[in-house]
Amino acid sequence: MAVKALATAFRVPHDDSEDIALQNLKDGNTAMPPAVPAPPYRHAAPSGPWPWVDFDVDSTSSTTVINPSWRGYPQNQFGNWTPDQVGRSKMLEKCLGNKSSTIYWMDVRDDGSFTSPDFGGNGDTMVVGIEHEDEFWGILQEERPENIRVRSIFVDDLTSPVLRMLGTTYNIEPFFFTSSINWIPSRYQEAPVHNEGDHITITLPFVRTLRKKPRSSPTSLPSLSQPPTDAQINTQAPFPMSDGSMLFIDLLAIHMIRDVKTSTIISYHPGSIWCQTSAKRLHSLMQLVGGSVYWQKIFAKSKDLTFLFLAILWYPLYAWDESFELLYTHVSELESTVLQTNDNAEATRELHVLQAHLLHYQSLLHNFKVSVEFIAKTHNPAMESTSVSERDESKDLMKTESQNLLSEIDRLEMRRAMLSDRLKNAMALAFETVNLNDSRETRKLTEATVRDSAAMKQISYLTMVFLPASFLATVFRMHVEEFSSGCYQTLGRYAEVTLLLTLLTIYVVVTLQVHSSFHDRNAPFLRRAVWPVLTFYKMMYKTKMRTVEDMV
């Protein structure tokens, strides 16, 4: 039931001929994103006592005067964050390229309905440049209407002033911004206060799909069939497929301030010049969630604002599902290539690259599952102010909805495992094909050797035919007394010399051989030199033993 409801919310009618799955609606940008940086996990959460401290660099205490206004963030709220640590985390540095931020607002009222606030007649969208900083700061300080249960703030192109204003207003741990900007998977709870509230953060990388438009250039995306320019497999980089589509890593970064009176959700989005999910896209999808009858009933039953967080987590699940749909087709094509091609060297390389990405996707899916379990198990302190029956009903509802999501993640993992096993089968088939080709070549060589051996036998047989005649011709040409008068040598002397030279030749050959049946393997030279004696002794000993056995 929940899956069908989310399908209605997250599926927007579109033309399949130009399908870009869950695509960025901002400017229609479909540029290929760069490789995601490898995350330094040790800097993921505030539980680490040394935020962005590298032990090979001397850390010195800061003597800089702290500005108490929003321009002094994060030092004005978190004094342990020195300028060196802020610089090392690149929290502010990576925002310098953005000239202005685009803010999308959305409110959830006490009755569970979704609405868009209007600030200054601009509707639910506000562009915050240098000239609008004071206006945006004033909006953040305004007291909200009493019927607002939660306010969602979706931020595109985060600038340094907007980051500082949000961090100061809502007392946000800098780890949220550093984890988001540096693509570090994280989940944590901070500042929990009984009967009041807490802060929860989830930074979740996930895989999304970029489908190729039919009118796109066929060389718009690199192909794995092209010769590799680098032997290294980068699983953080986008993965192009044979049909021109692409899988790439996207980011969901959500910080939620849960409070008894009114709560806030802040959504960070990477630079909008790439095709990653924009704030506008997520904002529009969450508005569709507000129109879902299924989720309207949930928001009406429970005052727990965490359900909105849980609804947002369905977005990466849909992205994962679409990615595996494309991967299924791609794996089937690779299997067909292996089955139809005898030379599978290039196909084997592609199979290995895809298998490496699937192994990386396994860790990303695990992070996804752990994040959902974290949301389900992290109790909302603000709910302690409600009645016991409301808390129990909300807890049971949270358990049910989180289990719905977890079961879908398990399904995704099973599908990933199935694709991985199919790749292993295809790789095994590719290797077997190579082995069969090698066997065929070996068989051809063996057949050629047999033919050569047959020819040599024929030559040997022919030689045997002429050998008696050659022997007799040689004997009758000998200058010995028996055949020629007046010669001084006899046939007996010839036989003696020939026999002695033959025996001497046999002795020398056997003595110089390291491996022979006449002496032990690797025997020393002196032992090999007396091999006739040892052979005679062995023969006599065997004869004696045989005689004794016969007598017994």
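Conventions used here
Residues numbered from 1 in each chain as written. Predicted model: local features only at pLDDT ≥ 70, side-chain atom pairs only at ≥ 80, totals over all residues. Heavy atoms only, no water. Helix = DSSP H or I, 4+ residues; strand = E, 2+ residues; numbered from the N terminus. Buried < 20%, exposed > 50% of the residue type's maximum accessible area, 1.4 Å probe, protein only. Contact = heavy atoms within 4.5 Å. Areas by Shrake-Rupley, 256 points an atom, 1.4 Å probe, with all protein chains shown as cover. Axes fitted to C-alpha atoms, helices over the stretch in contact; angles between N-to-C directions. Parallel < 35°, antiparallel > 145°, perpendicular 65-115°, else oblique. Left-handed = near helix turned anticlockwise from the far one by under 90°. Nonpolar A, V, L, I, M, F, W, Y, C, P; charged D, E, K, R; others polar. 1 Å grid on protein atoms, 1.4 Å probe; cavity = no way out; pocket = protein on both sides within 12 Å on 5 of 7 lines; lining within 4 Å. Points joined across faces, edges and corners; volume = space filled by probe spheres on them. Patch = residues over 30% accessible without salt bridge, like charges linked within 9 Å, V, L, I, M, F, W, Y side chains within 5 Å. Salt bridge = Lys/Arg side-chain N within 4 Å of Asp/Glu carboxyl O. Lys, Arg positive; Asp, Glu negative; His and termini not counted. Charge placed at Lys NZ, Arg CZ, Asp CG, Glu CD. Phe/Tyr/Trp six-rings, centres within 6.5 Å; stacked < 30°, edge-to-face > 60°. Expected span 1.5 Å × (residues − 1). Core = buried A, V, L, I, M, F, W, Y, C linked by side-chain atoms within 4.5 Å. Pairing = 2+ DSSP bridges.

A separate point is the overall build of the chain. Looking only at helices and strands, the chain features 14 helices and 9 strands. Considering the chain as a whole, with its 552 residues, one finds that 45% of them fall into the buried category. For the chain, long-range pairs separated by at least 24 residues make up 76% of all intrachain contacts whose partners lie at least 6 apart in sequence. Accessible area of the chain: about 29700 Å², with a carbon and sulfur share of 58%.

Quick look at the packing of helix 3 (residues 133–141) against helix 4 (residues 160–170) now. Axis separation between helix 3 and helix 4 bottoms out at 11 Å; the angle between their running directions is 20°. In terms of their interaxial angle, helix 3 and helix 4 are classed as roughly parallel. Seen from above, helix 3 lies across helix 4 with right-handed handedness. Contact residues: Glu133, Phe136, Trp137, Leu140 and Gln141 in helix 3; Pro161, Val162, Met165, Leu166, Thr168, Thr169 and Tyr170 in helix 4. Looking at the contact of helix 3 with helix 4 residue by residue, the classes come out as 8 nonpolar, 3 polar and 1 charged.

Counted by the stated rule, this structure contains 1 cavity of 30 Å³ or more. Each pocket or cavity is described by its volume, and for the largest cavity that value is around 70 Å³. For the lining of the largest cavity, a count of residues per class yields 9 nonpolar, 2 polar and no charged.

Taken together, Glu390, Asp392, Glu393 and Asp396 make up a surface patch of like negative charges. Assignment of secondary structure puts Asp392 in helix 11 (residues 388–476).

Let us look at the packing of aromatic side chains. Enumeration over the complete set of coordinates arrives at 14 aromatic pairs. Geometrically, the ring pair formed by Trp105 and Phe136 is tilted, given 6.1 Å between the ring centres and 50° between the ring planes. Taken as a pair, Trp105 in strand 1 (residues 101–109) and Phe136 in helix 3 lie far apart in primary sequence, 31 residues in all. Phe136 shares its class with Trp105; the two are buried. Relative to Tyr541, the ring of Tyr537 has its centre 6.4 Å away and its plane inclined at 20°; by these criteria the two rings are stacked. With Tyr537 and Tyr541 both in helix 14 (residues 531–551) and 4 residues apart, the pair spans about one turn of that helix. By relative accessible area, Tyr537 is classed as exposed at 55%.

Another aspect to go through is a nonpolar patch on the surface. A surface patch of nonpolar side chains, amounting to about 780 Å² of accessible area, comprises Val497, Leu501, Leu504, Tyr507, Val508, Leu512, Phe525 and Leu526. Within the residue set of the nonpolar patch, elements represented by two or more residues are helix 12 (491–512) and helix 13 (525–529). The element contributing the most residues to the nonpolar patch is helix 12, with 6 residues. Tracing the sequence through the fold places Phe525 in helix 13. Residue Phe525 is classed as partly exposed on the basis of its relative accessible area of 46%.

This structure, assessed with the given rule, holds 11 salt bridges. Across the pair Asp198 and Arg258 runs a salt bridge, and its minimum N-O distance is 2.7 Å. Residue Asp198 is located in strand 6 (residues 197–210), and its partner Arg258 is located in strand 8 (residues 246–259); the two are separated by 60 residues in the primary sequence. When sorted by exposure, Asp198 lands in the same class as Arg258, which is buried. Notably, a salt bridge pairs Arg415 with Asp321, separated by 3.9 Å at the nearest N-O pair. With a gap of 94 residues between them, Arg415 in helix 11 and Asp321 in helix 9 (residues 314–340) connect regions that are remote in the sequence. Of the residues examined, Arg415 reaches a relative accessible area of 21% and is grouped as partly exposed.

The terminal C-alpha atoms of helix 6 (residues 279–290), which comprises 12 residues, lie 17 Å apart, in line with the 16 Å expected from a rise of 1.5 Å per residue. Buried residues dominate helix 6, accounting for 9 of its 12 residues. Within helix 6, the full set of buried residues consists of Ala279, Arg281, Leu282, His283, Ser284, Leu285, Met286, Val289 and Gly290.

Next up on the list: the nonpolar core. If you look at the biggest cluster of nonpolar residues, it comprises 112 residues, and the most contacted ones within it are Phe136, Leu166, Leu313, Trp320 and Leu327. When near neighbours in sequence (up to four residues on either side) are disregarded, Leu313 contacts Leu204, Leu252, Phe368, Val372, Ile375 and Leu405.

Moving on, we get to the pairing of strand 5 (residues 186–193). The pairing of strand 5 with strand 6 spans 6 bridges and is classified as antiparallel. By the bridge assignment, Glu190 is partnered in strand 6 with His199. Linking two consecutive strands that pair antiparallel, namely strand 5 and strand 6, is a turn of 3 residues; a positive phi of about 65° is found at Asn195 within it.

Once that is clear, we can look at the side chain of Ser152. Examined against the element boundaries, Ser152 turns out to sit in strand 4 (residues 148–156). Beyond its immediate sequence surroundings of up to four residues, Ser152 is in contact with Tyr104, Trp105, Met106, Asp107, Ile265 and Leu308.

Here we come to the environment of Leu210. Of note, Leu210 is situated in strand 6. Looking at Leu210, the relative accessible area reads 6%, which means it is buried. Expressed as a C-alpha distance, the spacing of Leu210 and Gln276, which sit 66 residues apart in the sequence, is 9.6 Å.

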